Amino acid sequence: VFGSDQIIPARYNTGEFKLIPEMKLAKEYRTAMPSVVDTPLGLIMAVRAKLKEQNWVEVYRFSQNKWNPILKVDTGSDNGNPPALFFKDNKVILCYANRGKRELILSSTEDLEQWNEKIIYNSKTSDFGYPVIFNSEKGIGIVFYENNKDDRSVILQKEVILGW
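Residues numbered from 1 in each chain as written. Predicted model: local features only at pLDDT ≥ 70, side-chain atom pairs only at ≥ 80, totals over all residues. Heavy atoms only, no water.

It is worth spelling out the pattern of salt bridges at this point. Counted under the stated rule, the structure contains 1 salt bridge. Residue E110 pairs with K91 through a salt bridge whose shortest N-O separation is 3.8 Å. Of this pair, E110 sits in the loop between β9 (103–109) and β10 (116–122) while K91 sits in strand β8 (residues 91–98), placing them 19 residues apart in sequence. For K91, a relative accessible area of 22% corresponds to the partly exposed category. (Salt bridge = Lys/Arg side-chain N within 4 Å of Asp/Glu carboxyl O. Helix = DSSP H or I, 4+ residues; strand = E, 2+ residues; numbered from the N terminus. Buried < 20%, exposed > 50% of the residue type's maximum accessible area, 1.4 Å probe, protein only.)

Okay, structure coming up:
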């Protein structure tokens, strides 16, 4: 059933969790697998969205006690997967896979209005994605899953280091 997922964010501060108003989810499509970062511009959340064969990533900003949409990115018709968010050097960094185009894409913004996008990896298989972003001595690192169907290997620690 589409629209049945419930995303309820909470913030941990001084030893307790405080619930933040839940996202009002669209009932006509499914949203799941959130990634959240706390920034000077407020909380930013990215979610995977799906309706039949359509897949996309939605990004929201929490302001005025509600979640406001700020970005929607198509991720192709090949089953989508979750995005990753990160905050570094005053930039919100979003990473996601487009399985249809077999690309791992990195977008960044300082103002939540203009996003710079670049392809950072081209996969040989459509079974890849699920990125995680982390700090690295050289910048930021990204680890993601890739299943090579030819030799049945699964790469769990593929790292792309980006100077930032």
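The phi torsion at K52 lies on the positive side, around 55°, for a residue other than glycine. Judged by relative accessible area, K52 falls into the exposed class, the value being 60%. Positive phi is not limited to glycine here, since Q64 has a value of about 55°.

What follows concerns the sheet that holds β9. The strand order across the open sheet built from 4 strands is β7-β8-β9-β10, with neighbouring strands paired in antiparallel fashion. With partners counted over all chains shown, the strands left at the sheet margins are β7 (84–88) and β10, one partner each. The average undirected angle you get between the axes of adjacent strands in this sheet is 25°. (Pairing = 2+ DSSP bridges. Axes fitted to C-alpha atoms, helices over the stretch in contact; angles between N-to-C directions.)

Within the secondary structure layout, G100 lies in the loop between β8 and β9. C-alpha of G100 to C-alpha of G76: the two residues are 24 residues apart in sequence and 4.9 Å apart in space.

Attention now goes to the sheet that holds strand β5 (residues 54–63). What links the strands of a sheet is backbone hydrogen bonding, and the strands pair in either a parallel or an antiparallel sense. Strand order in the open sheet made by the 4 strands is β3-β4-β5-β6, with antiparallel pairing throughout. If you trace the sheet from one side to the other, it starts and ends with β3 (30–39) and β6 (66–74), each paired once. The average angle at which neighbouring strand axes cross in this sheet is 25°, direction not considered. Here 8 bridges tie strand β4 (residues 42–51) to β5, and the two strands are oriented antiparallel to one another.

Before going further, it helps to spend a moment on the pairing of β9. Of all the 7 residues making up β9, 7 are buried; the element is thus mostly covered by neighbouring parts of the structure. Burial along β9 is two-sided: E103, I105, S107 and T109 facing one way and L104, L106 and S108 facing the other are all buried. Both β8 and β9 contribute to a ladder of 7 bridges, which runs antiparallel. When the bridges of β9 are listed, N98 appears paired with E103. From the end of β9 to the start of β10, which pair antiparallel, there are 6 residues, and L112 there has a positive phi angle of about 70°.

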